[in-house]
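Report on the structure
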Amino acid sequence: MKLSIIIPLLNEADNLPELIAHIVRLAPAPQQVILVDGGSMDGSVAIADSVLKSTEIAQSVIDWRIIESTVGRAQQMNAGAMSATGDVLLFLHADTELPVDAIDNIQQAVAQYDWGRFDVHLDSHNPLLKIVGLMINQRSRLMGIATGDQAIFIKKSLFEQIGGYPDQPLMEDIELCKRLKKIARPACLKSKVITSARRWQQHGTWRTIFLMWHLRFDYWRGVSPNVLKQRYYN
């Protein structure tokens with residue numbers, strides 16, 4: 001299995017050094033990592049380029065690439081997929097950390113499944129957010145729908161078959177999974193990725209929980225992703 005990790009970036013300068021160092025520590029390593037910048041204003045591209053030229057990273061076996069795309073997570077991930085040489089694509093958020101044996105886990109999964117995701121753990125000691133993580137995992141396992149924080153992986157042939165991520169500003173991960181689920185059920189890995197809880201911490205736990213559930217319900221009943229995006233970022 002050849003695996004390409006695709007990471008959309010937008011003003012992630014603070015996360016990049018640790019993100020890159022963490023990926024280098026994966027065992028085994030992925031064949032390729034593509035950083036797709038969507039117009040960062042904080043020097044993300046320059047910082048990524050500098051880190052990748054350091055001795056430790058430059059000597060790694062990974063094929064690192066930095067490309068630029070129009071802003072928008074869906075467009076960025078599709079641009080990364082077009083440049084990918086792997087036969088399996090792993091879409092990773094810049095604030096999400098993979099388990100060290102993630103590549104082995106995916107290789108075992110794609111022997112039986114065409115796509116899948118990891119369980120998620122929110123990076124917080126707040127007991128309520130631990131419950132939120134458990135609920136996300138159970139809902140995903142029951143519904144066969146994953147969020148981008150769960151590090152979705154897909155065979156490239158299937159990704160191309162469904163036309164990639166839908167061109168919409170929000171809920172692109174939900175829509176992708178809905179289309180994938182019509183073809184095959186996902187591998188729901190119990191191994192956990194660790195993702196940032198910064199949105200819950202910045203905007204309040206209960207307020208964010210309510211917002212997320214309200215957005216998902218409105219998307220289910222047909223509200224436009226453009227309308228949902230305005231509410232999400234406001």
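Counting buried positions along strand β2 (residues 32-37) gives 6 out of 6 residues, so the element sits mostly inside the fold. Because side chains alternate across β2, one face comprises the buried residues Gln32, Ile34 and Val36, and the other comprises Val33, Leu35 and Asp37, equally buried. Two elements, strand β1 (residues 3-9) and β2, share 6 bridges in a ladder whose sense is parallel. Bridge assignment links Ile5 to a residue of β2, and that residue is Val33. Crossover β1 to β2 through helix α1 (residues 16-24) is right-handed. Judged from the 6 bridges that link them, β2 and strand β3 (residues 63-68) form a sheet pairing that is parallel.

To find the voids left in a structure, one rolls a probe of water-molecule size over its atoms. Here the second largest pocket is characterised by a volume of approximately 390 Å³. Of all the secondary-structure elements, those providing two or more residues to the lining of the second largest pocket are α6 (127-143), α8 (172-181) and α10 (205-220). Here the lining of the second largest pocket gets 5 residues from one element, more than from any other, and that element is α10.

A full pass over the atoms with the stated rule returns 1 cavity of 30 Å³ or more. As a volume, the largest cavity reaches approximately 40 Å³. In this structure, the largest cavity is lined by Met77, Phe91, His93, Gly148, Ile152, Tyr165, Glu172 and Asp173. Each residue belonging to the lining of the largest cavity can be placed in one class, and the counts come to 4 nonpolar, 2 polar and 2 charged.

Reading the values: the criteria
Residues numbered from 1 in each chain as written. Predicted model: local features only at pLDDT ≥ 70, side-chain atom pairs only at ≥ 80, totals over all residues. Heavy atoms only, no water. Buried < 20%, exposed > 50% of the residue type's maximum accessible area, 1.4 Å probe, protein only. Helix = DSSP H or I, 4+ residues; strand = E, 2+ residues; numbered from the N terminus. Pairing = 2+ DSSP bridges. Right-handed = clockwise from strand over helix to strand, strands pointing away. 1 Å grid on protein atoms, 1.4 Å probe; cavity = no way out; pocket = protein on both sides within 12 Å on 5 of 7 lines; lining within 4 Å. Points joined across faces, edges and corners; volume = space filled by probe spheres on them. Nonpolar A, V, L, I, M, F, W, Y, C, P; charged D, E, K, R; others polar.

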